[in-house]
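What follows is each chain in one-letter form.
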Amino acid sequence: MTEDQLFEHVRTAWAEVLDVDDPATLDPDRNFLELGGSSLLLIMLWEDLHELSDGPLRVSDLFQHSTIRSQARLLAGGAEAPRQQVTGASDRRALLGRARRGEVTQPS
């Protein structure tokens, strides 16, 4: 499947999970949670998308690649690694502190 086909499949899957009538109205660069998604809905999305992945696809991968465009790239095998992986509560607090001090840059 080409990256364009994967993109359309991901956008259609998002529309089904988010109960959007026209997949074309979904902004491919907006975050899943910003568009009304939830962790439960993300699991439902994973159920549809994991079959398209060449390797193992974890639900956490969809959290880290949280836009239609980045999920299509992930499934096509061309996704960049996340900039920062935060695994525990203490790591999240440390990262938040660094962000408040301006030591962490926003992803582009």
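Cut-off values and rules
Residues numbered from 1 in each chain as written. Predicted model: local features only at pLDDT ≥ 70, side-chain atom pairs only at ≥ 80, totals over all residues. Heavy atoms only, no water. Helix = DSSP H or I, 4+ residues; strand = E, 2+ residues; numbered from the N terminus. Buried < 20%, exposed > 50% of the residue type's maximum accessible area, 1.4 Å probe, protein only. Polar contact = N/O pair within 3.5 Å; in protein donor to acceptor, adjacent residues only side chain to side chain. Contact = heavy atoms within 4.5 Å. Phe/Tyr/Trp six-rings, centres within 6.5 Å; stacked < 30°, edge-to-face > 60°. Salt bridge = Lys/Arg side-chain N within 4 Å of Asp/Glu carboxyl O. pLDDT = per-residue confidence, 0-100.

Trainee: Honestly, the side chain of arginine 11 in this entry has me stumped. Any pointers?
Mentor: Looking at the element boundaries, arginine 11 is found in helix H1 (residues 3-18). On the accessibility criterion, arginine 11 (13% relative accessible area) is buried. Of note is the side chain of arginine 11, whose polar atom sits 2.8 Å from the side chain of glutamate 8. Not counting residues within four places of it along the chain, the set of residues in contact with arginine 11 comprises Pro23, Ala24, Leu26 and Ile68.

Trainee: How should I be thinking about the packing of aromatic side chains in this particular structure?
Mentor: Geometry of an aromatic ring pair is reported as the spacing of the ring centres plus the angle between the planes. Per the counting criterion, the structure on display carries one aromatic pair. Aromatic side chains tryptophan 14 and phenylalanine 32 sit 5.0 Å apart centroid to centroid with 80 degrees between the ring planes, which places their arrangement in the edge-to-face category. With a gap of 18 residues between them, tryptophan 14 in helix H1 and phenylalanine 32 in the loop between H1 and helix H2 (39-49) connect regions that are remote in the sequence. In terms of burial, tryptophan 14 and phenylalanine 32 fall into one category: buried.

Trainee: Honestly, the pattern of salt bridges in this entry has me stumped. Any pointers?
Mentor: Between side chains of opposite charge, a pair can form as their charged atoms come close. Within this structure, the stated rule accounts for four salt bridges. Arginine 58 is paired through a salt bridge with aspartate 61; the nearest N and O atoms lie 2.9 Å apart. Here arginine 58 falls in the partly exposed class, since its relative accessible area comes to 49%. On the accessibility criterion, aspartate 61 (9% relative accessible area) is buried.

Trainee: Which parts of the structure should I look at to understand the confidence of the model for the protein chain?
Mentor: When pLDDT is averaged along the protein chain, the result is 82; 71% of the residues meet or exceed 70. When pLDDT is averaged over each element of the protein chain, H1 comes out on top at 94 and helix H5 (residues 89-100) at the bottom at 63. Counting interchain partners and residues more than four positions distant, the pLDDT-below-50 stretch residues 81-86 has eleven contacts.

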